[in-house]
Amino acid sequence: MAAGSLAIRSRALPSPSIMQLSSLSRRSLSTRSQFSARSPLLSSTRSSCRAIPRQQSSPFQRVARRSYADDAASATPAPKPKKRFRFLRWTWRLTWLTGVGLTGVLAYSIFHLRHPAEQMEPDPSKKTLVILGTGWGSVSLLKKLDTENYNVIVISPRNYFLFTPLLPSCTTGMIEHRSIMEPIRNILRHKKATVKFYEAEATKIDHEKRVVYISDDSEVKGEISHTEVPFDMLVIGVGAENATFGIEGVRENSCFLKEVDDAQKIRKSIMDCVETAMFKDQAPEEVKRLLHTVVVGGGPTGVEFAGELQDFFNADLKKWIPDIKENFHVTLVEALPNVLPMFSKQLIDYTESTFKEESITIRTKTMVKKVTDKHIEAEVTRPDGTKEREIIPYGLLVWATGNAVRPVVRDLMSKIPAQKNSRRGLAVNEYLVVNGTENIWAVGDCAVANYAPTAQVASQEGTFLAHLLNSMAKAETIENELKRLSDVQAQAKSEEDRNAALGEIRECQRQLRRIKQIGPFQYSHQGSLAYIGKERAVADISWWAGNIASGGTLTYLFWRSAYLSMCFSTRNRVLVAFDWTKALLFGRDVSRE
Ligand SMILES: Cc1cc2nc3c(=O)[nH]c(=O)nc-3n(C[C@H](O)[C@H](O)[C@H](O)COP(=O)(O)OP(=O)(O)OC[C@H]3O[C@@H](n4cnc5c(N)ncnc54)[C@H](O)[C@@H]3O)c2cc1C
């Protein structure tokens, strides 16, 4: 109010001094409004001011008014702004500054992403390093590899990196698949030296001839679609394929969940089952079958998919297609006595109770023996130990039971005597060198290094290998330099030149010793996370020497922030955050692509 009256006054008296005064007073009053409203001194000042006709305002009055104001201010010391408001003001300022900072960082990283620098041309005198695969292992290696040290060639049938932990969310349209894909061309274009990429599958590796045979299996083929790529050094990071354990009918009738295509197929099949169940005159038994999804495999992938699907039903399907309400059902089948065997007992119990609340049936100790297009035949172990065959009808079957060795890896293993006892993949030593070879390394799910087949292991192995290969290149450069210095020293004409060369030799040897000190690979487990539906997640996080087990909605927020921060690029992060917001606002899309 005080500020308002002063503003009117300043309009009536456009003299510069009054204008200054009024603006000053407004500024001070605006921060002291509570005080001025209560002060009798100021209110009397205001009434006396009002009594003076504005046109007659003399310089004396102006000075008087100013001195009154000063008196008032000096008479009662300005109270300090209340702590509460100070806190709010600082919070606001901090929020604002953080917002500006984050926008700046985002703008810079987008600019950096879109404007790669010029690259160095490959040096033909350097060794050829061939990397197979564009998954967790290979891309982590590429990220840290100094590509100017080698002629690097990447070969993979997939020209992108896939952030697999968020793949189950793509099956229900919570996240769009492109949001978790990073084009390999983007990654390679940001390397210092040019890296060649061939979109092809490695069909055979001849470790003796040092050649990889590759084949272009894409729909469009040129005149040449099979060729060979020679290498000096080879890194195998081809991952694994889906394990079916030789069970009849699995490959033909079920959907896997490993690649983008699988997630898209599941997304289509969910809606296909729902719409087919709603077809006119469909028999009740058939409706029940079509709306029954069976997930085989109680590991994190199976559990996460079951949770995501039930969420989809609860949040969207049920709303838009209420007729399916009574018959929609998800069953999780697991051969072991419980789901999520890598988690602690309390988190397993928590997951099972959450599934119960969500009406997801868990069938443990149930081993699938045969799959047809409409049902699975399973052997169920009853609590008394007796076994029984059961037929479980399904509309959609998702198979998430683990890994099997890829044919190219199996073929290589069969040719190396040192690999004859290995069953689950390429046996490697502590430096990830494939046993029985000198110049071939393996990372990720295709390597057997006594760790679980996870993205965490694969990416740590990739990073380790990058350091190892960088060190090897540096060591080679130093060794060449040592040879040169040795010649210089031998041909030195004076004692002084010889001593200088010897000094340099000593320095090179010191550097070489340091570089060669690189230790063996050591995996550091950061913890396990899994989404279990109903906006809940479970986490077993390594903390100091122990473990923290937690489950619930807060863990779900942690799960989200952890995966968001782990996404490959800023672009992925923004897209995933955008997808989550979109699903929150508009729900998931129930149209069939
Ligand atoms: C749905 C799902 C969710 C998961 N969630 C998690 C999780 O939350 N946390 C976690 O730690 N792990 C998780 N994993 C496991 C993790 O994804 C794997 O352990 C990891 O991808 C292994 O990395 P990799 O590099 O060995 O293989 P991949 O990442 O599978 O990459 C293999 C690469 O090799 C290429 N390739 C295949 N065949 C050939 C060939 N013949 N020649 C050349 N290239 C070839 C492929 O195209 C691909 O680019 C999940 C897996 C899935 C499927």
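Computed from a prediction, not measured in an experiment: that's the story for all the values here.

1. Regarding the site of the ligand
Point 1. Taken together, 34 residues lie around the ligand, and Gly133, Gly135, Gly239, Gly444 and Thr454 are the ones closest in.
Point 2. Among the elements of the structure, α7 (136-144), β2 (151-156), α8 (167-170), β6 (201-206), α13 (300-320) and α16 (455-490) are those that each provide at least two residues to the shell around the ligand.
Point 3. For the shell around the ligand, a count of residues per class yields 16 nonpolar, 13 polar and five charged.

2. Observations regarding the pairing of strand β23 (residues 527-533)
Point 1. Extensive coverage of β23 is indicated by the burial of six of its seven residues.
Point 2. Sheet analysis places β23 next to strand β24 (residues 536-543), joined by six bridges and oriented antiparallel. By the bridge assignment for β24, Gly527 is matched with Ile541.
Point 3. In sequence, β23 turns back onto β24 through a hairpin of two residues, with Lys534 there showing a positive phi of about 55°.

3. Observations concerning the UniProt feature "transmembrane region" (unreviewed entry) in the protein
Point 1. UniProt's feature table lists "transmembrane region" (unreviewed entry) at residues 90-111, given in the numbering used throughout.
Point 2. When the span residues 90-111 is considered, its composition is 100% helix and 0% strand, and the gap between its end C-alpha atoms is 31 Å.

4. Some remarks on the sheet that holds strand β12 (residues 292-296)
Point 1. Spatially, the five strands line up as an open sheet ordered β11-β18-β12-β13-β14, and their pairing is parallel. Of all strands in the sheet, those with a lone pairing partner are β11 (255-256) and β14 (360-363), marking the two edges.
Point 2. Note: β11 against strand β18 (residues 396-399), two bridges, orientation parallel. Within the sheet, the bridge partner assigned to Phe256 lies in β18 and is Trp399.
Point 3. Together, β12, β13 (329-333), β14 and β18 form the strand contacts of α13, whose direction differs from that of β13 by roughly 175°.

Cut-offs applied
- Residues numbered from 1 in each chain as written.
- Predicted model: local features only at pLDDT ≥ 70, side-chain atom pairs only at ≥ 80, totals over all residues.
- Near = placed C-beta within 6 Å.
- Helix = DSSP H or I, 4+ residues; strand = E, 2+ residues; numbered from the N terminus.
- Nonpolar A, V, L, I, M, F, W, Y, C, P; charged D, E, K, R; others polar.
- Buried ≥ 20, exposed ≤ 12 C-beta atoms within 10 Å, placed from the backbone.
- Pairing = 2+ DSSP bridges.
- UniProt positions renumbered as here; feature names shortened; annotations may be inferred.
- Contact = placed C-beta atoms within 7 Å.
- Axes fitted to C-alpha atoms, helices over the stretch in contact; angles between N-to-C directions.

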